[in-house]
Amino acid sequence: MAGKMSAYIPGYVFLLFSLLIGLGSRSAAQELSPRFEFGHIQEQDRLSSSKIHYLLHDKDGYLWIATNTGLNRFDGTHFVQFRHQRNNPHSLLNNQVYALCEDHQGRIWAAFENGVSRYDKATGLFEHITTVRNKALGICKNIRCDRAGNIWFTSRNLGLFGYTTQTGVVQYYPAYSSDSTGGVRTLPNGFVEDPYRAGFWMAEAHGLRYFDTVRRQFTTHSNNPRHSPVLNPNDVSALAVDGNNLLIADHTDSCIVVYDLRSQQILKRIRPETAQDRARFFVATIFVDRRHNLWVSTWGAKTFYIDSKTDRVTPLGHAKSQPASLGGDFILSGWQQSDGTVWLGTANGLAYTNPERTLYDVYDLEALFPALTDERGIISFAEDADGSWWLGTSIRGLLHYVPATNRLDVYPLPDKTSQYPWGMLVVGIEQRKNELLIGTGRAVYRFNTLTHQFKTLELPPAAKLVELRTFRLVGNQYWAFGDGKQAFAYDLARQEWKTYPIRSTSTDPRFLVRQTLLDRRGNLWLDIFPEGFARFSQQRKEFIVTDTHQADYENTINSLTEDRDGSFLMATDMSGLVTYDPVRGQDIIRAENDAMTLSQSTAARPDRFGNTWVANQNLMSVIKAGEKQQVLNFRLPINEYTTVYSTWLFPMRNGHLLSAQKGHLVEFKPENLRPVRRPEPVLLNRLRLNDTTLMLHGRMSPIRLKSDDNSFMIEFSMLAVSVNQQYRYKLEGYDDDWKESGNQTNAVYTKLPGGDYIFRVEAIAGDLKSRETTLRIHVDTAFYNTRWFKALLIAISLVLLYSLYRYRLRQSARLHHFQIQMTRLERDKAEIQYHNLINHLNPHFLFNSLTSLNSLILTKPKEASTFLRKLSVIYRYILQNKDSELVSLEAELAFAQNYIDLQSTRFGDGLRISIDVTPDSLTRKIVPVTLQNLLENAIKHNIVSDDCPLTILIYAKNDTLFVQNSLQRKSFVETSNKQGLNSLKSLYRYLSSREVSVDETATEFRVSVPLL
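The following paragraphs examine the structure supplied in this document.

About the cut-offs
- Residues numbered from 1 in each chain as written.
- Predicted model: local features only at pLDDT ≥ 70, side-chain atom pairs only at ≥ 80, totals over all residues.
- Heavy atoms only, no water.
- Helix = DSSP H or I, 4+ residues; strand = E, 2+ residues; numbered from the N terminus.
- Contact = heavy atoms within 4.5 Å.
- Pairing = 2+ DSSP bridges.
- Axes fitted to C-alpha atoms, helices over the stretch in contact; angles between N-to-C directions.
- Salt bridge = Lys/Arg side-chain N within 4 Å of Asp/Glu carboxyl O.
- Buried < 20%, exposed > 50% of the residue type's maximum accessible area, 1.4 Å probe, protein only.
- Phe/Tyr/Trp six-rings, centres within 6.5 Å; stacked < 30°, edge-to-face > 60°.
- Parallel < 35°, antiparallel > 145°, perpendicular 65-115°, else oblique.
- Core = buried A, V, L, I, M, F, W, Y, C linked by side-chain atoms within 4.5 Å.

### Some remarks on the environment of Leu-922
Here is step 1: Looking at the secondary structure, you find Leu-922 in the loop between strand E71 (911-916) and strand E72 (925-926).
Here is step 2: Once the C-alpha coordinates of Leu-922 and Glu-892 are considered, the two residues, 30 residues apart in sequence, prove to be 9.3 Å apart.
Here is step 3: Leu-922 has contacts with Ser-888, Leu-889, Glu-890, Leu-893 and Val-917, leaving out every residue within four places of it along the chain.

### Some points on the sheet that holds strand E55 (residues 619-623)
Here is step 1: Judged by pairing direction, the sheet is antiparallel, and its 4 strands sit side by side in the order E53-E54-E55-E56 without closing on themselves. If you trace the sheet from one side to the other, it starts and ends with strand E53 (603-606) and strand E56 (631-635), each paired once. Within this sheet the neighbouring strands show an average axis-to-axis angle of 15 degrees, counted without direction.

### A short note on the pattern of salt bridges
Where charged atoms from two side chains of opposite charge come close, those side chains can pair.
Here is step 1: Applying the stated criterion across every chain, the model contains 38 salt bridges.
Here is step 2: A salt bridge links Glu-458 to Lys-464, with the shortest nitrogen-to-oxygen separation between them at 2.3 Å.
Here is step 3: Judged by its relative accessible area of 44%, Lys-464 falls in the partly exposed class.
Here is step 4: Arg-608 serves as the salt-bridge partner of Glu-671, at 3.2 Å between the closest nitrogen and oxygen. On the criterion of sequence distance, the pair formed by Glu-671 in the loop between strand E59 (664-668) and strand E60 (683-688) and Arg-608 in the loop between E53 and strand E54 (612-616) is long-range, its members being 63 residues apart.
Here is step 5: Taken together, the shared-partner salt bridges connect Asp-58, Asp-60, Glu-102 and Lys-121 into one network.

### A short note on the sheet that holds E71
Here is step 1: Ordered by their spatial adjacency, 5 strands build an open sheet running E71-E73-E74-E76-E75, and the pairing between neighbours is mixed. Edge positions in the sheet fall to E71 and strand E75 (997-1000), since each has one partner strand and no second. Strand-to-strand twist of the sheet, defined as the mean angle between neighbouring strand axes without regard to direction, takes the value 15 degrees.
Here is step 2: One ladder, built from 5 bridges, connects strand E73 (residues 950-956) with strand E74 (residues 960-966); its direction is antiparallel. Bridging from a neighbouring strand, Ile-954 pairs with Val-963 of E74.
Here is step 3: Each of E71, E73, E74 and strand E76 (1004-1010) is contacted by helix H9 (residues 930-941), which is oriented at about 155 degrees to E73, the strand it contacts most.

### Points about the packing of aromatic side chains
Here is step 1: Summed over all chains, the structure comprises 63 aromatic pairs.
Here is step 2: Aromatic side chains Trp-201 and Tyr-210 sit 4.9 Å apart centroid to centroid with 55 degrees between the ring planes, which places their arrangement in the tilted category.
Here is step 3: The class of Trp-201 is buried, set by a relative accessible area of 3%.
Here is step 4: Their ring planes at 80 degrees and their centres at 5.8 Å tell us that Phe-481 and Phe-543 sit as a pair that is edge-to-face. Residue Phe-481 is found in strand E42 (residues 477-482), and its partner Phe-543 is found in strand E48 (residues 542-547); the two are separated by 62 residues along the sequence.
Here is step 5: For Phe-543, a relative accessible area of 0% gives the class buried.
Here is step 6: Chaining the aromatic ring pairs together yields one cluster made of Phe-712, Phe-716, Tyr-727, Tyr-729, Tyr-734, Tyr-749 and Phe-759.

### Things to note about the side chain of Asn-898
Here is step 1: Examined against the element boundaries, Asn-898 turns out to sit in helix H8 (residues 889-907).
Here is step 2: Under the relative-accessibility criterion, Asn-898 is labelled buried at 17%.
Here is step 3: When near neighbours in sequence (up to four residues on either side) are disregarded, Asn-898 contacts Lys-870, Val-873 and Ile-874.

### Considerations on the pairing of strand E33 (residues 378-383)
The side chains of a regular strand alternate, first on one face of the sheet and then on the other.
Here is step 1: With 6 of 6 residues buried, E33 lies mostly within the body of the structure.
Here is step 2: As defined by bridge partners, E33 adjoins strand E34 (residues 389-393) across 5 bridges and the pair is classed as antiparallel. Residue pairing in the sheet places Ser-380 in a bridge with Gly-392 of E34.
Here is step 3: Hairpin connection from E33 to E34: 5 residues lie between these consecutive antiparallel strands, with Gly-387 at a positive phi of about 90 degrees.

### What about the environment of Val-427?
Here is step 1: Tracing the backbone shows Val-427 in strand E37 (residues 426-432).
Here is step 2: Each C-alpha atom, one on Val-427 and one on Phe-381, is 9.4 Å from the other, the two residues being 46 residues apart in sequence.

### Focus: the packing of H8 against H9
Here is step 1: At a minimum axis distance of 8 Å, the contact between H8 and H9 shows a crossing angle of 25 degrees. One way to sum up the angle between H8 and H9 is to call them roughly parallel. Note on element contacts: H9 touches H8 through Thr-930, Leu-931, Gln-932, Leu-935, Glu-936 and Ile-939, opposite Glu-892, Leu-893, Phe-895, Ala-896, Tyr-899, Ile-900, Gln-903 and Phe-907.

### Focus on the nonpolar core
Here is step 1: Ranked by internal contacts, the top residues of the largest apolar core, which has 41 residues, are Ile-952, Ile-954 and Leu-961.
Here is step 2: Breaking this core down by element, the ones donating at least two residues are helix H7 (861-880), H8, H9, E73, E74, helix H10 (980-991) and E76.
Here is step 3: Excluding residues within four positions of it along the chain, Ile-952 makes contact with Leu-911, Arg-912, Ile-913, Ser-914, Leu-935, Ala-938, Val-963, Gln-964 and Asn-965.
Here is step 4: Core analysis: the next-biggest nonpolar cluster, separate from the first, contains 36 residues, Ile-108, Val-116, Cys-145 and Leu-683 among them.

Below is the structure:
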């Protein structure tokens, strides 16, 4: 666009403008601002709140983060959150956590809205202090542990308090004897311990004050016996300690005072450069890194970086359009790791950067020379001995840039025109002492770096007929190559040109030399399109084509250089990075599918550590040296708006690589790719069980788990976000080998057998390993897997087997006995049935019945008939049930009634028989003829007469049938064998576990028969 506008400028104005530029026009010089790229950790990363008040790195290696909604412990990957629980007095006192410190026992102290708390890592409990002398503490925003191990904290409304760890007593120290409150309104970050004396410095709106912890006295500007220059009534808003120095944020004077605590002298005052920044320099936070640089934030939400060497104050704000900016406009705390990473607690989460290990620095030449972005921008480079850079552009002339001062000078070329007022493209720049050799498409110039004058070198006639494309300085010879089969070399000593042939059989009209390479052995190589590689022969004084191998990538080679193995590195448009061995004639193609950013690349170059850098515009890939050859891909935060340019990579004297990115220069620092050796071990975060979680910390005693807790997960990580850590772990006693987990930060084990184990984990970054971290774990053995249980089980089994053997023997004996008993019972049963039949067929019974029948026939014929019928029923019942074991009680009673009727006919009033049986008993079972036998037995053994009647009662009760008769024994009983009742008992013993019982008194005789 600038080229088009220049066509409308009048000729004399243009000539004057060009003359001024030719004399060395200079863009306004300005110091280069420091550049930081921040990573961020916020609420979406499981941080409890993005508003952070304080950062504390404890002795175990964890980062504790005090936020607006809780306390967090961070191990680099996992967060453990602590929050206030209403019904738990040992939870966090309040979710507003303002400050933290750690005492000598490793306990974490925290300051809150309503007091302070102490967290014991061993118990996992918080203990609180909310009142002193029955007075509420109020808002506490500073807490410190002094060198003696005591805790000191400030309350906004009351002042200073000291907690003696040995006695557990809190002491209050009023600052003003005349003030009933005695309070000192110390802001956050306004309370620091003196590194030499036993005391604390306190920032306050009415001036800095010092508290002597031995004498328990305050020193202020009104009580200043040593006449300290910093004890004045100025408003002090924040403090920090940097080695011997006390840094004091003087709000009244809008500066930071650097005060030497040893000499008690003010060394300097640091102020922002602009009046606007000075007016708002109400400092809230001062964080000092280990290189003494300051990270400062103000209560007006402005953040600054102050370089310790220059004291330059640089704004650091957050920009939405720049994801790698600070992330928040306000910081309240900072901490720096041993690897140099700076962590900042901001109002928008954690921000981290490593100013000591920045991978690259960006130099924005576009801001100094906006026209530079027209066309392709910067395309060639040479480094001066004084550290400045000479740059060739596409159409913007020769540039001289001084990185230290950010100064840019522009020098138009002699071939400038009205359309291109700075000249044509500068293809190559080579430096020789105080002179630059500048090659363009149609000319070669010598430029004096002291006088800034150009001198044109007259080209040989053949060179004027071709387009020159690449240049190379080899010793005293300056080589020029183009789109023909001739090479041109200018001898700087003799000041003459020589022409050398390129022996090629190619007839392609597109023949040209694209790239040159001077290898480590001093050979000069050419990349020829479309034929291959050619090498210069010192003997034959010509270039000889050594390789005519045609591959697809050879048509799109954009850069050519040599790696440390002597192979050619080529950036190509189609195949990404190509490595070619000129001795073996073998190539290796590494493209996008091999973890490269893109298959298209425009520049490739090795660094001094053997890593290979590949560029394609603002996309970068770094192939790290080593067996695994890991690839780091990243995007530069520049040139997001355009793709009309090519990227170049140039070696620098300090071992860095400089990339030309149109209007920007990017200086890569390969040494910062190498991981720092870390003494820190891997941190163990938590051990997760099915129903609970155990928080882990340093120096833990062995963990004991129950037998049913034998499945768990262990979380681990390393607080090293700036390095790509790879992890591996091993459970000694279970795993045979180490398990590679890559970026995964947990280990899972299931159904472990009982026993003692040691969990080991370590981190690997490149070829470096961290210290190994171990955790001893004991898993109780299930009782059924213990030795004593197995021994007991064996003993019980033997006892059971022996008992079973004895039981079988006893059962066999019992079975044999039962078989004998059964045989005997069967015999008894048969005998009883036989006796029953005999009894009922007893001739005496039959004789008596017939006699009675005869008398009835003579006197009562009708009754005789009835008598005969009942007699036949009796004998029929006996014959029908002679083989039955049981009959119902109802049937037995019906049978017995016939027998009773016969006997009543015989004895008349001399026999009185009554029956009282409930209906629910009639369905029960009884041995047939049992009642007849018992009635027969009663009549047989007792006197039956009208004068002495025999009374018989039959009744049922509790599943038992009772036959009871009055006892009036006969002196002599006919046909009695004394075995009737015994046989009946034997029969019932066979049929039931309940026996027939006989009860006899002086007046009664009763037989109890079980109802079955």
